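Tertiary structure, described
Chain by chain, the residues run as shown.
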Amino acid sequence: MKKRMLVFYLFPAVFCAVVFFIIPLIYIGYVSFFDWNGLNAMTPVGTANYRQVLSDSNFRLALKNTLIWILAAVLIHIPLGLLLALLLNRKIMGWKVFRILYFLPNVISITALAFLWYFIYHRDLGLLNWLLELIGLDGLTNSWLTNTDTALGATIVPFSLYVGLTSVIFMTQLSTISEDLKEAALLDGAKGWQMDLYVYIPLVKPALMTNIMLNVAFCLKNFEYPFVMTSGGPVNSTTTLALYVYKKMMNANQYGISMVGSVFAVLLGLCLMVIVRTLQKGGQDE
Amino acid sequence: MKRVKLSRILIFAFLVLIACIMLVPFVWLVIASLRPNMELLSNPFGIPETLNLNNYFEVWRRQPMLRYLLNTFLAALIAVVIDVVISVMTGYAMLHRFRMRGKLSTMFYVGLFIPANAFMVPYYVMITKIGLYNTIWGVGLIYGVMNLPFSIMIIRGFMETLPMQIIESGKIDGATANQILIRLVLPMTKPGIVTVCIFIVINCWNELFFANLLTLSESSRTITVAIQSYLTSFEANYGFAFAAMIISILPTLIVYIFLTNKIIGGMTAGAVKG
């Protein structure tokens, strides 16, 4: 292809990368060294913002909560998705119907899902407390979202549960495994769970990587669940990094502080990228 | 008759249980949305005495729901157009060898991991400066930008699986680069494009962060922002809030019901390549 054409084809993507990625990156790095309320002139404050954020217990909490979200993605959400994919892969009666049902929550907005779970956890009107009373566990009823012990867990549960997309990505990979390979394993005497463990699981690695990437990226920018369900409370116990950045700008008008949070969010993203990239080594990506 | 193994029955029961945990809340939501508020508050789990569509009529009358739905649809459409055009052009260029290819490739990959939320202030300033604050164009533009790295990954990955002979044969026939793209590559990339479109539409329908940040008035508000504000404004009337939620869910749900296999298949056509 002629050089001129190449430039033409690449121009829009490079333009977007520069305008919406590189310039904002420089911008947040720059503003993070200023005290700014969004209206008046910016005052340079050196590293004061960084020192303030690093000593802010709410920031540390937000960082910790984001990491807990990522852990929940890797240790609960993805394994559950894999388990369901492997079970459906056995072509259990009605597996196609199950696949449709499991995927259904994925076409519903997280705002609506979070809203729904807000009511499930409601102290008086909630489904959960009603269910607990029904089976005689009155002692366990709780005001789930306003109790600092349960609020974070409660906001993570719906995400951990709705594994439809994750499952379907695994299933697509499973369906590409050749019949010959399956037959060979069967002839070797592999049974149900042995097939899963020694044949299927090792072969879904690319799907696993896709899922880790999608879910980690989701958790990094996770905002909707805590924002709708708790607004980050009680006493910031459910605040994530994205919500911290949002609150510092929108509620506190501390743009400089907010940008420090952004810088850390970007750094965390880069760290996770390196980890995923290392795990992925040996894959087909260049 | 074939004997069904016990293990299969247990698995079936487990699958049913998971489906129930996932979906029973929705059933409850639908029923609750059909009940008057008073009844809902006094007896939330009893057998409903009255079931009607009054909540829906009231919400539709009091709030510009159609407007919100249209706004959301428009934002998604703008994002889809931006992303598909740019990704197809980029993917096609990346099929060729050139000097900066590796560096560009890395940059797109990094983009996947940078949470767009981190850019809230620069995007806010930018959108305000170019006069798109509080317009659906501003929201759509940012949605396009947010979904671009993923969109490029899928479409590029898809194009790379196409046989290279097609491009070669095009060249031999004397076709220009544009002709090869439009007549040969583009038709074969359709499944990848469908995947991207579905992903983007669902993401846009979900998005709350930038929709909240970049809009102010009803005229540009998306459905997620509207729903989120009901949590406070409809505090006293859960019946209305539930009905509003169902209205927000319906469009994607209807599309899903009619296009189930296309969506489940399409969502993953490009995603497994990773």
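All residue numbers refer to positions counted from 1 along the written sequence of the respective chain. Here the convention is simple: chains get letters from A, ligands get numbers from 1, in the order in which they are written. Since the coordinates come from a predicted model, pLDDT governs what is reported: local features require at least 70, and pairs of side-chain atoms require 80 or more to be given and counted, while whole-chain, interface and lining totals use all residues.

**Regarding the environment of A:Leu75**
Residues and elements named next belong to chain A. Numbering goes from the N terminus for both helices and strands, where a helix is a DSSP run of H or I of at least four residues and a strand is a run of E of at least two. Mapped onto the elements of the fold, Leu-75 is located in helix α3 (residues 57–89). The class for Leu-75 is exposed, based on 11 C-beta atoms found within 10 Å. On a C-alpha basis, the gap between Leu-75 and Ser-160 in space is 9.4 Å, while along the polypeptide they are 85 residues apart. For the exposure call, what matters is how many other C-beta atoms sit within 10 Å of a residue's own: 20 or more marks it buried, 12 or fewer exposed, and in between partly exposed, using C-beta atoms placed from the backbone.

**Observations regarding α3(A)**
Residue and element names in this part refer to chain A. Expected span of a helix, by definition, is 1.5 Å for each gap between consecutive residues, and there is one gap fewer than residues. Taking 1.5 Å per residue as the helical rise, α3 with its 33 residues ought to reach 48 Å, and the 46 Å between its terminal C-alpha atoms agrees with that figure. When the local axis directions of α3 are compared, the greatest deviation, roughly 35°, occurs at Ala-73. Positive backbone phi, at 55°, marks Lys-91, one or two positions downstream of α3. Bend at a residue means the angle formed by two fitted axes: the first through the 7 residues ending at that position, the second through the 7 residues beginning there.

**Describing the interface of chain B and chain A**
Distance between backbone-placed C-beta atoms decides contact: two residues are in contact if it is within 7 Å. The interface is formed by 64 residues belonging to chain B together with 77 residues belonging to chain A. Breaking the side of chain B that touches chain A down by element, the ones donating at least two residues are α1 (6–33), α4 (65–94), α5 (101–113), α6 (120–129), α7 (136–160), α9 (177–206), α11 (223–233) and α12 (238–269) of chain B. A total of 13 residues in the side of chain B that touches chain A trace back to one element, the largest contributor, which is α1(B). Residues are grouped as follows: Ala, Val, Leu, Ile, Met, Phe, Trp, Tyr, Cys and Pro are nonpolar; Asp, Glu, Lys and Arg are charged; every other residue, Gly included, is polar. Within the side of chain B that touches chain A, the residues separate by chemical class into 49 nonpolar, 14 polar and one charged.

**What to know about the confidence of the model for chain B**
Of all residues in chain B, 93% have pLDDT values of 70 or greater, and the mean over the chain is 86. Mean pLDDT in chain B bottoms out at α11(B), which sits at 80, and peaks at α4(B), which reaches 95. Each residue carries a pLDDT score, the predictor's own confidence in it, on a scale running from 0 to 100.

**Observations concerning unusual backbone geometry**
Geometrically, the link from A:Gly233 to A:Pro234 is a cis peptide bond, its omega value of -10° lying close to zero. Tracing the backbone through its elements, the reader meets A:Pro234 in the loop between α12 (224–229) and α13 (241–250). Positive phi outside glycine occurs at A:Lys91, with the angle close to 55°. Position of A:Lys91 relative to the elements: it lies in the loop between α3 and α4 (95–103). Residue classification places A:Lys91 among the exposed residues on the basis of 10 C-beta atoms within 10 Å. If you check the backbone angles, B:Asn134 has positive phi at about 60° while not being a glycine.

**Here we look at the environment of B:Thr215**
Checked against the element boundaries, B:Thr215 lands in the loop between α10 (209–214) and α11. With near-sequence residues (within four places) excluded, B:Thr215 lies in contact with B:Asn134, B:Val139, B:Ser220, B:Arg221, B:Thr222 and B:Val225.

**Describing the environment of B:Met153**
When you line up the elements, B:Met153 lands in helix α7. Excluding its chain neighbours within four sequence positions, the residues that come into contact with B:Met153 are B:Phe108 and B:Leu112.

**What to know about the packing of helix α8 (residues 164–174) of chain A against helix α11 (residues 205–220) of chain A**
The relative placement of two packed helices comes down to the angle between their axes together with the axis-to-axis distance. Residues and elements named next belong to chain A. A fitted line through C-alpha atoms represents every axis, and for helices the fit uses only the stretch in contact; the resulting angles, taken between N-to-C directions, go from 0 to 180 degrees. Look at α8 against α11: their axes get within 9 Å of each other, and the N-to-C directions meet at 160°. Between α8 and α11, the angle is such that the two are roughly antiparallel. α11 is crossed by α8, and the crossing has right-handed handedness. On α11, the residues that touch Thr-166, Ile-169, Phe-170 and Gln-173 of α8 are Pro-206, Ala-207, Thr-210, Asn-211 and Asn-215. Residues that form the contact of α8 with α11 fall into these classes: four nonpolar, five polar and no charged. Note on terminology: angles under 35 degrees are roughly parallel, angles over 145 are roughly antiparallel, angles of 65 to 115 are roughly perpendicular, and the others are oblique. It is the rotation of the near helix from the far one that decides the hand of a crossing: anticlockwise by less than a right angle makes it left-handed, clockwise makes it right-handed.

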